[in-house]
Amino acid sequence: MRIGVFTQPPTVSAAVEEVRRVADAGFASVWMPQIFGIDAVTALTVAAREVPDVELGTAVVPTFPRHPMMLAAQALTLQQVAGGRFTLGIGLSHQLVIEGMLGFSWDKPVRHLREYLSILLPLVRGEASEFEGETLTGKLALDIPDAAPVPVLVAALGSQMLGVAGRMAEGTVTWMTGPATIGDHVAPTIGAAAAEAGRPAPRVVCALPVCVTDDEAAARERAAEQFQMYGFLPSYRAMLDREGAAGPADVAIVGDAAAVAAGVERVREAGATEFVAVPYGNREATLEVLADLR
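Let me sum up the structure you'll find in this document. (Residues numbered from 1 in each chain as written. Predicted model: local features only at pLDDT ≥ 70, side-chain atom pairs only at ≥ 80, totals over all residues. Heavy atoms only, no water.)

**Description of the overall build of the protein chain**
Secondary structure summary: the protein chain contains 11 helices and 12 strands in total. A compact globule built from 294 residues would reach a C-alpha radius of gyration of about 19 Å, and the protein chain, at 18 Å, matches this within 12%. Viewed in the frame of its principal axes, the protein chain has a C-alpha envelope of about 55 × 40 × 40 Å. Buried residues in the protein chain amount to 52% of all 294 residues. Sequence separation of at least 24 residues holds for 73% of the intrachain contacts in the protein chain that already meet a minimum separation of 6. For the protein chain, the computed accessible surface area is about 12500 Å², with 52% contributed by carbon and sulfur atoms. The averaged location of the 34 negative side-chain charges in the protein chain is 4 Å from the averaged location of its 22 positive side-chain charges. (Helix = DSSP H or I, 4+ residues; strand = E, 2+ residues; numbered from the N terminus. Rg over C-alpha atoms; globule rule 2.2 N^0.38 Å. Buried < 20%, exposed > 50% of the residue type's maximum accessible area, 1.4 Å probe, protein only. Contact = heavy atoms within 4.5 Å. Areas by Shrake-Rupley, 256 points an atom, 1.4 Å probe, with all protein chains shown as cover. Lys, Arg positive; Asp, Glu negative; His and termini not counted. Charge placed at Lys NZ, Arg CZ, Asp CG, Glu CD.)

**Quick word on helix α6 (residues 159-168)**
Burial analysis of α6 places seven of its 10 residues in the buried class, the great majority of the element. Taken as a whole, α6 has its buried residues at Met161, Leu162, Gly163, Val164, Ala165, Gly166 and Met168. Its buried side turned inward, α6 meets α5 (109-124), β8 (152-154), β9 (171-175) and α7 (179-196).

**Thoughts on the side chain of Gln79**
Tracing the chain through its elements places Gln79 in helix α3 (residues 68-82). According to the relative accessible area criterion, Gln79 is buried, its value standing at 0%.

Structure below.
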């Protein structure tokens, strides 16, 4: 199982340096979110120019604020620079953000995803889009030479979303989803959808908080505080409930080197194809232990 690192730098320069550090440590990939800071695609484009050999990914870019044509153009531009090392992770975000902060309609989010992918996927594969849906239309082609096709992962947790991801995209990227839920829900659901559609086995990228420490109780208390909001967002709350977890601290991989290695191994055994560590607390020690597992 390939191991990557999640980073959320405040500046483009910091992003380049973080990507370089992770690459130099021998990790397979570096992933950035699009939340309320710098633009992840732009930052990774600069990093791709400066740092060779490591895979770059977004986890994730929300779909609603960007028309799929625009996101495809950004992704292909990054891929042109990266030489095929970029994976585009997309997601719906949350009703609280999309309706409450941005004013978009959250009506029928699965339909939105299906229509979005119907336009995005042909474009990032270098093909023309000829799609007209209920809410989105894309009838165009892009001319971005020397850009390899961009693999697309969908942040899918519920059964319907996993079904769309399996039938249309290259896989899924999850957050706050423990190994039991990966094993009995995420991996089999998306795998069955991909098989039914005659598609290759999907990538299942699992991201979780990780902390190497001698004080597990304190580290879990810190995780409960640092990641508490994810325990209240409905999509993550549903996955925590499936796992039998009271909150984010219960799915964090925490403990000494042996405990962290065992936690990562449980993720692999559950069916994840890639693990993305979100280091917190003792970052350097955590990355050192994870580097030995890659």
